[in-house]
Amino acid sequence: MAQKIAVLGAGSWGTALALNCARADEHSTVFLWGHNAAHIKALQQARVNNQHLPSTPLPDNVHPTDDIAVIYDCDMILLVVPSHAFAETLARIQPYVCRQAIGWAIKGFDKQTNDLLSHTFTTQFPDTPFAIIAGPSFAKEVAAGLPTAITVAGSTLAFANDFANFLHNEQMRTYTTDDVIGAQIGGSLKNVIAIAAGISDGLGFGANTRAAIITRGLHEIARLGAASGARNETLMGLSGLGDLLLTCTDDLSRNRRFGLLLGQGYDTQSACAEIGQTVEGVHTAIEATQYAHRHHVRAPITNLIEQLIRGTLSIEAAKQALLSHYPKPETE
Ligand SMILES: NC(=O)c1ccc[n+]([C@@H]2O[C@H](COP(=O)([O-])OP(=O)(O)OC[C@H]3O[C@@H](n4cnc5c(N)ncnc54)[C@H](O)[C@@H]3O)[C@@H](O)[C@H]2O)c1
Ligand SMILES: O=P(O)(O)OC[C@H](O)CO
């Protein structure tokens with residue numbers, strides 16, 4: 001039977017995932033909800049997201065809307081707003097949630113609680129199954145129909161498998177897991193490490209330094225993952241190592257580009273303005289610093305980025321900190 005799908009968040013990733021779902025089944029109806037009425041009107045008229053993905057027209061079965069009530073008789077709801085809007089969007093959908101399968105494709109922490117988004121979700125929707133989309137996936141490439149592999153992490157493996165069916169098609173390969181903690185830790189922290197890799201490149205350091213940051217970043221992610229109950233195999237998979245590699249090494253990444261700008265002397269505000277889209281790592285560095293502290297985990301790269309973002313550390317001091325390390329065992 002033809003499915004009804006609601007993608008909430010009409011930015012780059014929401015639009016790309018709406019395109020993907022619409023292509024997966026041309027008989028499906030895909031609502032693309034956005035909170036900005038003027039933007040939605042422009043989408044309805046132009047049939048292309050000129051603000052975020054200008055080169056890919058919307059197929060006929062994608063329907064931009066600013067009416068959240070459309071979710072009421074949908075089969076699936078996929079939240080793709082920035083992490084800072086996650087809790088507010090859950091509150092928005094609450095009156096209309098009945099039998100729909102719910103998931104999100106957001107990489108970040110809750111800005112109020114500095115905790116994982118799954119914690120926010122289960123607080124608001126106890127006993128409701130959920131799925132999380134993670135893994136190396138630039139919106140632009142998904143919109144262009146380039147082959148991509150993602151992780152679908154579900155609160156149960158059976159739910160992850162069901163949810164993956166909404167997304168899986170010839171261009172989009174899905175791998176399922178029930179390690180929702182691992183998928184969130186890997187997916188969120190890689191943005192912070194990508195900022196560090198960008199800074200290093202922006203400062204003029206070379207490939208050796210970048211490789212060191214990626215590897216030590218992976219250690220940091222693994223330490224935080226272990227303390228949170230994540231499985232190491234998840235962190236070494238698409239949602240961890242896979243996304244870390246993608247984001248640290250390719251200039252399509254906004255987090256990496258943000259870091260490049262910091263390394264070239266921009267401050268946080270001017271670098272964010274220059275990127276002009278969501279840079280999740282800016283928030284995650286701050287929230288993950290609190291999270292790591294709460295879990296008694298050492299997170300030196302995250303701490304460094306947090307201080308740079310807050311402006312309590314200069315780029316010169318960060319450079320010195322990067323260079324001034326005492327010998328220690330690689331396992332630490
Ligand atoms: N773009 C990608 O390639 C990509 C890939 C994977 C995951 N993600 C993740 O997807 C999430 C969304 O990022 P994006 O790339 O779509 O960002 P984006 O900057 O392209 O778009 C964000 C959208 O969210 C909207 N928005 C802002 N505040 C809102 C609110 N309070 N309520 C509802 N909508 C609001 C904005 O109007 C904008 O349309 C992030 O967590 C990001 O890490 C992005
Ligand atoms: O552009 P970024 O840095 O937000 O990265 C986008 C995706 O998370 C890549 O998987």
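Residues numbered from 1 in each chain as written. Chains lettered and ligands numbered in written order. Predicted model: local features only at pLDDT ≥ 70, side-chain atom pairs only at ≥ 80, totals over all residues. Heavy atoms only, no water.

- Looking at an unreviewed UniProt entry, one finds the protein named Glycerol-3-phosphate dehydrogenase [NAD(P)+], with Ostreibacterium oceani as its source organism.
- The Sequence similarities (unreviewed entry) field of the UniProt record for the protein holds the comment "Belongs to the NAD-dependent glycerol-3-phosphate dehydrogenase family." (UniProt positions renumbered as here; feature names shortened; annotations may be inferred.)

## Some words on the pairing of strand β8 (residues 131-134)
The two faces of a sheet get side chains in turn, since along a regular strand they alternate between them.
Item 1. In β8, alternate side chains face the same way, and those of A131 and I133 on one face and I132 and A134 on the other are all buried.
Item 2. Where strand β7 (residues 101-104) and β8 come together, 2 bridges link them in parallel fashion. Bridge pairing in β8 links W104 to I132.
Item 3. With helix α4 (residues 117-124) bridging β7 and the parallel β8, this β-α-β connection has right-handed handedness. (Buried < 20%, exposed > 50% of the residue type's maximum accessible area, 1.4 Å probe, protein only. Helix = DSSP H or I, 4+ residues; strand = E, 2+ residues; numbered from the N terminus. Pairing = 2+ DSSP bridges. Right-handed = clockwise from strand over helix to strand, strands pointing away.)

## Concerning the UniProt feature "active site" (unreviewed entry) in the protein
Item 1. Per the UniProt record, "active site" (unreviewed entry) is found at K190.
Item 2. Its place among the elements puts K190 in helix α7 (residues 180-202).
Item 3. In this structure K190 comes out as buried when scored by relative accessible area, which is 6%.
Item 4. Filtering out sequence-adjacent residues up to four positions away, K190 remains in contact with K107, I221, D243, L244 and T247. (Contact = heavy atoms within 4.5 Å.)

## Section: unusual backbone geometry
Residues apart from glycine generally show negative phi values, whereas peptide bonds are mostly found in trans.
Item 1. Located in the positive-phi region is R47, a residue other than glycine, with phi close to 60°.
Item 2. If you trace the backbone, R47 turns up in the loop between α2 (37-46) and β3 (48-49).
Item 3. Positive phi values are uncommon outside glycine, yet D127 reaches one of about 70°.
Item 4. On the secondary structure map, D127 appears in the loop between α4 and β8.

## Notes on helix α13 (residues 280-294)
Item 1. Compared with an ideal rise of 1.5 Å per residue, which puts 15 residues at 21 Å, α13 spans 21 Å between its outermost C-alpha atoms and is within 8% of the ideal.
Item 2. Along α13, the sharpest change in direction is near 25° and occurs at I286.
Item 3. For α13, every residue scored as buried is listed here: E280, G281, V282, T284, A285, E287, A288, T289, Y291 and A292.
Item 4. In this structure, the buried side of α13 is in contact with α7, α8 (207-228), α11 (254-263), α12 (268-275) and α14 (300-310).
Item 5. A positive phi of about 55° marks H296, the residue just after α13. (Expected span 1.5 Å × (residues − 1). Bend = angle between axes of the 7 residues up to and from the residue.)

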